[in-house]
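Tertiary structure, described
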Amino acid sequence: MKNLIFLFFYIFISSSAFCQNTSDTQNASQEIINLISSYSTSRDTKDTVLLKKILTEDIDQLVSSGVWRKGIAQAVQGMMESSTSNPGNRTLKVESIRFLNPTVALVDARYEIKNEDGTVRKMWSSFAVVSEKEQWKISAIRNMLPSGN
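Worth saying up front: this structure is predicted, and the values here are computed from it rather than measured.

Turning our attention to the overall build of the protein chain. When helices and strands are counted, the protein chain shows four helices and six strands. For the protein chain, the succession of helices and strands along the chain, N to C, is α-α-α-β-β-α-β-β-β-β. The long-range fraction of contacts in the protein chain, counting pairs at least 24 apart against all pairs at least 6 apart in sequence, stands at 47%.

We now examine the sheet that holds strand β4 (residues 104-114). In spatial order, the strands read β2-β1-β6-β5-β4-β3; together these six strands make up an open sheet with mixed pairing. Two strands bound the open sheet, and with one partner strand each, they are β2 (68-70) and β3 (89-101). With strand direction ignored, the average angle separating the axes of adjacent strands in the sheet is 20°. Pairing analysis gives three bridges linking strand β1 (residues 55-62) to β2, with the strands arranged antiparallel. Following the sheet pairing, D60 is matched in β2 by K70. Contacts between helix α4 (residues 72-85) and the sheet are confined to β1, β2, β3 and β6 (135-144), with β1 contributing the most and set at about 55° to the helix.

Tracing the backbone shows R90 in strand β3. Buried charge R90 goes without a salt bridge, the closest partner of opposite sign being D44 at 5.1 Å. Of note is the side chain of R90, whose polar atom sits 3.0 Å from the side chain of Y111. Leave out the neighbours within four places in its chain, and R90 touches S40, R43, D44, S82, S83, Y111, E112 and I113.

Here we take up the pattern of salt bridges. Tallying each qualifying case throughout the model produces four salt bridges. Here D60 makes a salt bridge to R142, at a shortest N to O gap of 2.6 Å. Of this pair, D60 sits in strand β1 while R142 sits in strand β6, and the two are 82 residues apart along the sequence. In this structure R142 comes out as partly exposed when scored by relative accessible area, which is 31%. The shortest N-O distance in the salt bridge between E95 and K93 comes to 3.9 Å. With a relative accessible area of 52%, K93 lands in the exposed category. Look at the salt bridges and you will find they share partners, linking K93, E95 and R110 into a network.

The next point concerns the environment of D47. Assignment of secondary structure puts D47 in the loop between α2 (22-45) and α3 (48-54). By relative accessible area, D47 is classed as partly exposed at 30%. Counting along the chain gives 29 residues from D47 to V76, while the straight-line C-alpha distance between them is 9.6 Å.

Looking now at the environment of P102. For P102, the location among the structural elements is in the loop between β3 and β4. Owing to a relative accessible area of 63%, P102 belongs among the exposed residues under this scheme.

Rules behind the numbers
Residues numbered from 1 in each chain as written. Predicted model: local features only at pLDDT ≥ 70, side-chain atom pairs only at ≥ 80, totals over all residues. Heavy atoms only, no water. Helix = DSSP H or I, 4+ residues; strand = E, 2+ residues; numbered from the N terminus. Contact = heavy atoms within 4.5 Å. Pairing = 2+ DSSP bridges. Axes fitted to C-alpha atoms, helices over the stretch in contact; angles between N-to-C directions. Buried < 20%, exposed > 50% of the residue type's maximum accessible area, 1.4 Å probe, protein only. Lys, Arg positive; Asp, Glu negative; His and termini not counted. Salt bridge = Lys/Arg side-chain N within 4 Å of Asp/Glu carboxyl O. Polar contact = N/O pair within 3.5 Å; in protein donor to acceptor, adjacent residues only side chain to side chain.

All quantities given are derived from atomic positions and should not be read as evidence of function.
Following this line, the structure appears as structure tokens:
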């Protein structure tokens, strides 16, 4: 019986050490949703100052055409060129956030571009986000255009 009680407390204490505080996770989730919204806004308004505040220096991005953008300068330039050459209303809707640890999370979002002719390009975006100096930033972006198969 002593062994059973000891085992119960051992499991309880060791498992609670790996639990995240629910309010911390909820706060971080909202901050991440706001981050993705800021990213979308910066793309729509072509705000390079905002982009540089919310991207890490070593960001990398794989776009749906297969082009890699590596580093903040290349990423910002590519984003601005893409927003200019592919005009339309961009919408990012966060579908899920998975915390790998308290300072790293994976974010999946539906990404839609409503073109000027009324057609909608439906894609997925995945973001790797990190907390740097208590501010969430985007470290990597992966865009995917489903094949429809």
